[in-house]
Amino acid sequence: MKSTESKTSKILKSAEKTLSPILGKENNNILLAFSAGPDSTALLDILFRLKDKLNIKVIAAYFDHCLRNKDEIKKEIRIAENNCSIRSIPFFMGKDSKGTIDKFSKKHGIEAAARKVRYSFLNSIAENNNCKYIAVAHNLDDNCETIIMRFFQGSGPEGLKGIGENSGNILRPLINVSKSDIFEYLKENKIKYSCDSTNKENDYLRNKIRNNLIPSIKKVFPGYEKSLLLLAEKMANADSIIDEKLAEKIEWKKKGSALVTEYDNFLSLPEYLKIKAIYSAFNISENSEERLPYKFLKPLFSKKTGVKSHIVLKGHDYTLEREGKNLFWKRDIVTIKKNSYHLIVKPEKEYELPVIFDKNNKKVYISSRIIKISECKKDDLWIPVNKITADIHIRNRTEGDFIVLEYGTKTIKKLFLEMKIERYFRDLIPIICNNKDILAVWGSVFNYRNRVSRLICDADKDNDIDVLLFESRFF
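These notes cover the structure that comes with them.

## Some details on the environment of T409
Right, so step 1: Counting through the fold element by element, T409 comes out in strand 19 (residues 408-411).
Right, so step 2: Between the C-alpha atoms of T409 and R454, which are 45 residues apart in sequence, the distance is 9.6 Å.
Right, so step 3: Excluding residues within four positions of it along the chain, T409 makes contact with F402, I403 and V404.

## Notes on the side chain of K410
Right, so step 1: Looking at the secondary structure, you find K410 in strand 19.
Right, so step 2: A distance of 2.7 Å separates the side chain of K410 from the side chain of E418, its partner in a polar contact.
Right, so step 3: Sequence-distant contacts of K410, that is, excluding residues within four places in its chain, are made with F402, I403, L405, L415 and E418.

## With respect to the sheet that holds strand 1 (residues 29-33)
Right, so step 1: One open sheet holds the 6 strands; their spatial order is 3-2-1-4-6-5, and the pairing between them is mixed. Edge strands, defined here as strands with exactly one partner in the open sheet, are strand 3 (91-95) and strand 5 (166-167).
Right, so step 2: Direction of pairing for strand 1 relative to strand 2 (residues 57-64): parallel, over a ladder of 5 bridges. Paired with L32 across the bridge in strand 2 is A60.
Right, so step 3: Sheet contacts for helix 5 (residues 110-128): strand 1, strand 2, strand 3, strand 4 (133-135) and strand 6 (170-171); angle to strand 2, the most-contacted strand, approximately 145°.

## Remarks on the packing of helix 2 (residues 38-54) against helix 8 (residues 179-188)
Between two packed helices, what matters for the description is the angle formed by their axes and the separation of those axes.
Right, so step 1: Relative orientation of the contacting elements helix 2 and helix 8 amounts to 65°, with a least axis distance of 10 Å. Where helix 2 crosses over helix 8, the two elements pack in a sense that is left-handed. Across from P38, D39, T41, A42, D45, I46 and R49 in helix 2, the residues of helix 8 making contact are K179, I182, F183, Y185 and L186.
Right, so step 2: Its residues placed into classes, the contact of helix 2 with helix 8 shows 7 nonpolar, 1 polar and 4 charged.

## A look at helix 10 (residues 224-249)
Right, so step 1: The end-to-end C-alpha distance of helix 10, which contains 26 residues, comes to 38 Å, matching closely the 38 Å that a straight helix rising 1.5 Å per residue would cover.
Right, so step 2: Of the positions making up helix 10, those classed as buried are Y224, L228, A232, M235, D239, I242 and L246.

About the thresholds
Residues numbered from 1 in each chain as written. Predicted model: local features only at pLDDT ≥ 70, side-chain atom pairs only at ≥ 80, totals over all residues. Heavy atoms only, no water. Helix = DSSP H or I, 4+ residues; strand = E, 2+ residues; numbered from the N terminus. Contact = heavy atoms within 4.5 Å. Polar contact = N/O pair within 3.5 Å; in protein donor to acceptor, adjacent residues only side chain to side chain. Pairing = 2+ DSSP bridges. Axes fitted to C-alpha atoms, helices over the stretch in contact; angles between N-to-C directions. Left-handed = near helix turned anticlockwise from the far one by under 90°. Nonpolar A, V, L, I, M, F, W, Y, C, P; charged D, E, K, R; others polar. Expected span 1.5 Å × (residues − 1). Buried < 20%, exposed > 50% of the residue type's maximum accessible area, 1.4 Å probe, protein only.

This is how it looks when you write it as structure tokens:
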């Protein structure tokens with residue numbers, strides 16, 4: 001009995017030590033990313049035990065990725081609901097019912113796609129429930145796996161420092177607790193949890209590392225965990241020194257929708273600090289776990305960085321461009337301000353329009369993909385691929401806009417009046433265009449009619465041609 005109390009006490013103290021420095025006196029609402037697995041179930045109980053001491057309110061959110069057996073998911077949800085019910089913890093559920101993960105996986109991989117969609121759900125629940133923080137159940141074993149994975153992927157100090165205790169609004173109270181201690185905690189406190197059957201499969205990279213690579217490493221280096229954490233500590237110190245040196249030379253300032261710094265200061269940086277400077281700009285402008293690939297940044301090592309060409313880097317929806325004495329980091333997909341936007345379409349990519357469009361605070365997400373015309377439904381909006389001769393843009397209306405319809409040319413202002421579009425929505429309706437012509441008015445996003453330009457509406461429907469399909473959803 002003594003050992004049980006000692007183990008529970010040890011883990012509670014570790015979690016409290018991780019949480020205490022970041023929690024304030026007010027608004028300590030915490031949303032737990034709850035999978036009903038052993039790690040998040042233990043964290044659910046730990047946060048429940050600490051709620052009075054740390055003055056926190058706990059909410060749990062479960063997300064079904066729709067990638068596993070339905071019977072297993074149903075059983076898992078029952079366990080999740082029961083664990084929340086007995087602790088009187090509010091429980092929310094979401095699911096990828098529209099196959100968004102599958103769509104994103106074609107470009108980003110299934111793991112990254114699942115993480116992107118899951119965090120979109122979690123952020124939405126957190127916002128709607130006034131949760132300042134999101135707690136995730138990453139543990140010490142997860143940290144070691146991440147360091148190994150990043151090592152073989154060629155990461156620098158910023159990657160090899162591992163997973164931090166807290167980052168932004170993300171809390172990791174179990175990051176210093178081993179998996180074996182978590183299982184012991186659950187056993188000794190008689191807490192029921194679910195087991196994900198796919199953890200035993202090797203379809204995902206992390207599972208391959210966990211199931212194949214780590215057992216081999218253990219045989220050669222039995223104490224590898226301590227060594228990896230020591231490496232992570234050294235890399236964190238090195239990365240901190242690099243950041244300090246970088247801050248002495250580079251300061252990114254916001255200018256409109258771009259970030260700007262002095263070009264000569266950037267040019268004088270050692271090669272690796274140039275890379276870090278771009279990473280810092282990317283982290284400022286992109287709220288995402290995605291990283292810019294190293295090969296994209298390698299041209300920064302070239303002596304051509306200082307030649308006449310104004311474009312230093314271009315790709316991954318960003319441009320690094322010299323203008324006079326300044327260097328600009330610009331997003332190609334630009335959100336200008338609330339109710340004003342300009343997106344450059346990339347098939348298979350999703351965009352969030354900068355607008356809260358209804359009383360439920362739902363956000364509009366839009367995307368495009370190439371399919372066969374035979375797959376389109378009656379009210380779908382699409383453009384024949386053979387009609388696309390320049391970049392496709394999605395934006396809100398601007399002064400002087402007009403569209404060429406079958407019966408003649410009409411200004412967008414007059415068209416919106418004829419369509420009886422409410423005043424509030426007139427600056428929100430997406431306009432689809434190329435560099436010179438408006439191709440379509442995407443009214444169905446807000447339950448109005450779509451209007452298509454004569455320039456693209458004469459597609460041969462008898463042939464199964466490729467079309468760029470536009471889709472929208474609300475979250």
